[in-house]
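# Structural overview
Listed here are the chains, written in short residue letters.
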Amino acid sequence: MTKGRLEAFSDGVLAIIITIMVLELKVPEGSNWTSLKPLLPKFLAYIFSFIYVGIYWNNHHHLFQAVKKVNGGILWANLHLLFWLSLMPIATEWIGTTGFAKNPVATYGIGLIMSAIAYTILENVIIRCEGENSRLKEAIHSKYKEYISIIFYVLGIATSFFYPYIAIGFYYIVALIWLIPDKRIEKSLKEN
């Protein structure tokens, strides 16, 4: 089975996620700059989520550059990832509407950690499918970035009930960690 259809489907789902998020932004009622002020939390939430979806799209693309073949397990693991990412528009709308209140920020973090776990599962399923000679296994022999991300998400979720803006800071740190596509995969592909 080729990976092209999986990549095209994933690209389409991620594009729809971004589209849903932007459609939640409403035009201000007034014509002066102060009429934008009530939209600021929603706009910040949108920017943050857009960056996250972009990071997943970028790293998903890099991930599948190292994949030779796909099977049913990979298809299901990919759908699992897309499921968690598809919930991002709801969480984004909730944190934006409530001005980053504690429960919405915790829920947002739960969505982020579940997406991270799903991405890690996808990596593991790909490696298992391709066997010991997997280019992906060679590239990501250390899962430092994956595990440190999960730790920061847990810290963010725990902190969100007391200091929601600090929790957003933890989520932001993870975004910064993954902002540059996974160099481990690029390096491995250049060597082969």
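Each remark here, short or long, concerns the structure printed above.
Since the structure is predicted, the reported quantities are computational estimates derived from the model, not experimental observations.

Moving on, we come to the overall build of the chain. Counting its secondary structure elements, the chain contains nine helices and zero strands. When the helices and strands of the chain are listed from N to C terminus, the series reads α-α-α-α-α-α-α-α-α. Looking at the chain as a whole, 44% of its 192 residues qualify as buried. Accessible surface, the chain: about 10300 Å² in total, of which carbon and sulfur atoms supply 70%. In the chain, 17 side chains carry a positive charge and 13 a negative one; their mean positions are 2 Å apart.

Phi is positive for Phe100, close to 65°, though the residue is something other than glycine. Relative to the assigned elements, Phe100 resides in the loop between helix H4 (88–97) and helix H5 (102–130).

Bringing H5 into the picture now. In this model, H5 (29 residues) spans 42 Å end to end at C-alpha, consistent with the 42 Å of a helix rising 1.5 Å per residue. A positive phi of about 85° marks Gly131, the residue just after H5.

The next thing to look at is empty space enclosed by the protein. On inspection of all chains with the given rule, the structure shows two cavities of 30 Å³ or more. Every residue along the wall of the largest cavity is listed here: Tyr52, Ile55, Tyr56, Asn59, Ala116, Tyr119, Thr120, Glu146, Ser149, Tyr153, Val174 and Trp178. Taken together, the elements giving at least two residues each to the lining of the largest cavity come down to helix H2 (40–65), H5, helix H7 (144–160) and helix H8 (164–179). Residue contributions to the lining of the largest cavity peak at four residues, all from H2. Estimated volume of the second largest cavity: approximately 40 Å³. Residue lining of the second largest cavity: Met21, Glu24, Leu25, Lys42, Tyr46, Thr92 and Glu93, and that is the complete set.

On the surface, Leu40, Phe43, Leu44, Ile47, Phe50, Ile51, Tyr172, Leu176, Leu179 and Ile180 cluster together into a nonpolar patch covering about 900 Å² of accessible area. Mapped by element, the contributors of at least two residues to the nonpolar patch are H2 and H8. Among the structural elements, Ile51 can be located in helix H2. Look at Ile51 and you get partly exposed, because its relative accessible area is 32%.

This part covers the environment of Ala101. Tracing the sequence through the fold places Ala101 in the loop between H4 and H5. Relative accessible area serves as the criterion here: at 29%, Ala101 is assigned to the partly exposed category. Counting along the chain gives 62 residues from Ala101 to Tyr163, while the straight-line C-alpha distance between them is 9.2 Å.

Quantified by volume, the second largest pocket comes out at close to 150 Å³. Lining the second largest pocket, in full, are Trp84, Leu87, Met88, Ile90, Ala91, Thr107, Tyr108, Ile110, Gly111, Leu112 and Ser115. Listed by contribution, the elements that provide at least two residues to the lining of the second largest pocket are H4 and H5. Looking at which element gives the most residues to the lining of the second largest pocket, the answer is H5, with six residues. Looking at the lining of the second largest pocket residue by residue, the classes come out as eight nonpolar, three polar and no charged.

Following the criterion strictly, the structure yields 12 aromatic pairs and no others. On the basis of an interplanar angle of 35° and a centroid distance of 5.9 Å, the ring pair of Phe100 and Tyr165 is categorised as tilted. One end of the pair, Phe100, is in the loop between H4 and H5; the other, Tyr165, is in helix H8, and 65 residues separate them in sequence. With relative accessibility at 57%, the residue Tyr165 sits in the exposed group. When the centroid spacing of 5.9 Å and the interplanar angle of 40° are considered together, the rings of Phe152 and Phe170 count as tilted.

A separate point is the packing of helix H1 (residues 4–23) against helix H3 (residues 72–86). At a closest axis distance of 10 Å, the pairing of H1 and H3 adopts a crossing angle of 5°. It follows that H1 is roughly parallel to H3 by the angle criterion. Between H1 and H3, the contacting residues are Leu6, Phe9, Ser10, Val13, Leu14 and Ile17 on the first element and Ile74, Leu75, Asn78, Leu79, Leu82, Leu85 and Ser86 on the second. Looking at the contact of H1 with H3 residue by residue, the classes come out as 10 nonpolar, three polar and no charged.

Rules used in this analysis
Residues numbered from 1 in each chain as written. Predicted model: local features only at pLDDT ≥ 70, side-chain atom pairs only at ≥ 80, totals over all residues. Heavy atoms only, no water. Helix = DSSP H or I, 4+ residues; strand = E, 2+ residues; numbered from the N terminus. Buried < 20%, exposed > 50% of the residue type's maximum accessible area, 1.4 Å probe, protein only. Areas by Shrake-Rupley, 256 points an atom, 1.4 Å probe, with all protein chains shown as cover. Lys, Arg positive; Asp, Glu negative; His and termini not counted. Charge placed at Lys NZ, Arg CZ, Asp CG, Glu CD. Expected span 1.5 Å × (residues − 1). 1 Å grid on protein atoms, 1.4 Å probe; cavity = no way out; pocket = protein on both sides within 12 Å on 5 of 7 lines; lining within 4 Å. Points joined across faces, edges and corners; volume = space filled by probe spheres on them. Patch = residues over 30% accessible without salt bridge, like charges linked within 9 Å, V, L, I, M, F, W, Y side chains within 5 Å. Salt bridge = Lys/Arg side-chain N within 4 Å of Asp/Glu carboxyl O. Nonpolar A, V, L, I, M, F, W, Y, C, P; charged D, E, K, R; others polar. Phe/Tyr/Trp six-rings, centres within 6.5 Å; stacked < 30°, edge-to-face > 60°. Axes fitted to C-alpha atoms, helices over the stretch in contact; angles between N-to-C directions. Parallel < 35°, antiparallel > 145°, perpendicular 65-115°, else oblique. Contact = heavy atoms within 4.5 Å.

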